[in-house]
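Letter by letter, the chains look like this.
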Amino acid sequence: MSSMKQYKLYGRQGSGSLAVQVALEEIGAPFERIWVANDPEAVARFREINPTGKVPALVLPDGTLMFESAAILIHLSLAHPAAGLAPKPGTSEHALFLQWMTFMSANAYEAVLRLYYSDRFSTRGALDAEPIREQGTRDFLGHLELLGRSLKPYVLGACYSIADVYLYMLASWYPGGKEELYARLPPLEVHAKALSLRPAVAKVEADH
């Protein structure tokens, strides 16, 4: 483990970098965590590293830059199979892992963006923000409900995977707070409690 070369993670507290940071902790890989401020000047400087200006971004040990949290998590699970972050590639279990990772990225994460950045989704900006936010919230809850029905107790059944951390992170962004979400979707509370007991999750939560 000590022979691993270092990763460099660019993130922000409360952002999508949480799941990537948990993955690195689960792997036991050495990494440098760099917070990126949210002010325009800091974001402009960060664009010189990551053209999207978004976090998370991960610099791999060979200097390759990755962005998109789901892609980073899938890559880390494949690059470090001994960490057990995903089922074996080529199996039906891995197929379901890819399904849920893509579903969460393309649907749940997208709904969160409409929820918190509503004015970006209309040429009329703030004039249309409220209905966009309301629809984003409904869609987000619908996606979380579907995920909640799959939990037994984890996303892939009895086996933990990094997909669970991705869901744990996404669910924490529900705007009504944890009590309201868990009242609506009790399986997510059971899932969150199980995740919070993992040392890597607890360590990263404390950092965020």
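Before going into details, it helps to say that this report is about the structure given with it. The structure presented is a predicted model; accordingly, all values stated were derived computationally and were not measured.

**Some points on the packing of helix H1 (residues 17–27) against helix H9 (residues 199–207)**
Part 1: In the contact formed by H1 and H9, the axes pass within 9 Å of each other and the chain directions differ by 135°. As summarised for this structure, H1 and H9 are arranged oblique, according to the angle between their axes. In this structure, H1 crosses over H9, and the sense of that crossing is right-handed. For the pair H1 and H9, the contacting residues are Leu 18, Gln 21, Val 22, Glu 25 and Glu 26 in the first and Ala 200, Val 201, Lys 203, Val 204, Glu 205 and Asp 207 in the second.
Part 2: When the residues that make up the contact of H1 with H9 are grouped by side-chain class, the tally is 5 nonpolar, 1 polar and 5 charged.

**Overview of the pairing of strand S2 (residues 31–35)**
Part 1: By the bridge criterion, 5 bridges tie strand S1 (residues 7–11) to S2 in an arrangement that is parallel. Each bridged residue has a counterpart across the sheet, and for Tyr 10 the counterpart in S2 is Ile 34.
Part 2: With respect to chirality, the unit in which S1 leads through H1 into the neighbouring parallel S2 is right-handed.

**Notes on the side chain of Ser 161**
Part 1: Considering the arrangement of structural elements, one finds Ser 161 in the loop between helix H5 (129–150) and helix H6 (162–171).
Part 2: We classify Ser 161 as buried; its relative accessible area is 1%.
Part 3: Once residues within four sequence positions are removed from consideration, Ser 161 is found in contact with Leu 85, Ala 86, Phe 97 and Leu 156.

**Notes on the pairing of S1**
Part 1: Counting buried residues in S1 gives 4 out of 5 residues, a clear majority hidden from the surface.
Part 2: Here S1 pairs with strand S3 (residues 57–59) via 3 bridges, running antiparallel. Paired with Tyr 10 across the strands is Ala 57, a residue of S3.

**A word on the packing of aromatic side chains**
Part 1: All told, the structure shown has 5 aromatic pairs when counted by the stated rule.
Part 2: Where Tyr 10 meets Phe 46, the ring centres are 5.5 Å apart and the plane angle is 45°; that geometry is what we call tilted. Pair noted here: Tyr 10 is in strand S1 and Phe 46 is in helix H2 (residues 40–46), with a separation of 36 residues, a long-range link.
Part 3: Ring geometry for Trp 100 and Phe 103: centres 5.5 Å apart, planes at 85°, overall edge-to-face. Of the two residues, Trp 100 and Phe 103 both sit in helix H4 (residues 92–116), 3 residues apart, roughly one turn of that helix.
Part 4: Through pairs of rings, three or more aromatic residues link up here, namely Tyr 109, Tyr 166 and Trp 173.
Part 5: The ring of Tyr 160 has Arg 198 sitting right over it, with the charged end atom 3.5 Å from the ring centre.

**What about the packing of helix H3 (residues 69–79) against H4?**
Part 1: Interaxial distance between H3 and H4 falls to 10 Å at its minimum, and their mutual angle equals 160°. Comparing their axes, H4 and H3 come out roughly antiparallel. Relative to H4, H3 is oriented so that their crossing is right-handed. Residues Ser 69, Ala 70, Leu 73, Ile 74, Ser 77 and Leu 78 of H3 lie in contact with H4, whose contacting residues are His 94, Phe 97, Leu 98, Met 101, Ser 105 and Tyr 109.
Part 2: Among the residues making up the contact of H3 with H4, the classes are represented as 8 nonpolar, 4 polar and no charged.

**Some details on the environment of Pro 81**
Part 1: Mapped onto the elements of the fold, Pro 81 is located in the loop between H3 and H4.
Part 2: Of the residues examined, Pro 81 reaches a relative accessible area of 62% and is grouped as exposed.
Part 3: Linking Pro 81 and Ile 27, residues 54 residues apart in sequence, is a C-alpha distance of 9.0 Å.

**With respect to H3**
Helical geometry note: an α-helix holds 3.6 residues per turn, so side chains three or four residues apart project in the same direction.
Part 1: Among all positions of H3, only Ser 69, Ala 70, Ile 72, Leu 73, Ile 74, Leu 76 and Ser 77 are buried.
Part 2: Elements in contact with the buried residues of H3: S1, H1, S3, strand S4 (65–67), H4 and H6.

**Some remarks on the nonpolar core**
Part 1: The biggest cluster of nonpolar side chains holds 58 residues, and the ones touching the most others in it are Leu 24, Leu 76, Met 101, Met 104, Leu 144, Tyr 166 and Leu 181.
Part 2: Sorting elements by how many residues they give to this core places H4 first, with 10 residues.
Part 3: Apart from the residues lying within four places of it in its own chain, the contact partners of Met 101 are Ala 70, Leu 73, Ile 74, Ala 163 and Tyr 166.
Part 4: Counting residues in each nonpolar core, the second largest holds 6 residues, with Tyr 10, Val 55, Ala 57 and Val 59 among its members.

Cut-off values and rules
Residues numbered from 1 in each chain as written. Predicted model: local features only at pLDDT ≥ 70, side-chain atom pairs only at ≥ 80, totals over all residues. Heavy atoms only, no water. Axes fitted to C-alpha atoms, helices over the stretch in contact; angles between N-to-C directions. Helix = DSSP H or I, 4+ residues; strand = E, 2+ residues; numbered from the N terminus. Parallel < 35°, antiparallel > 145°, perpendicular 65-115°, else oblique. Left-handed = near helix turned anticlockwise from the far one by under 90°. Contact = heavy atoms within 4.5 Å. Nonpolar A, V, L, I, M, F, W, Y, C, P; charged D, E, K, R; others polar. Pairing = 2+ DSSP bridges. Right-handed = clockwise from strand over helix to strand, strands pointing away. Buried < 20%, exposed > 50% of the residue type's maximum accessible area, 1.4 Å probe, protein only. Phe/Tyr/Trp six-rings, centres within 6.5 Å; stacked < 30°, edge-to-face > 60°. Lys NZ or Arg CZ within 6 Å of the ring centre and 35° of its normal. Core = buried A, V, L, I, M, F, W, Y, C linked by side-chain atoms within 4.5 Å.

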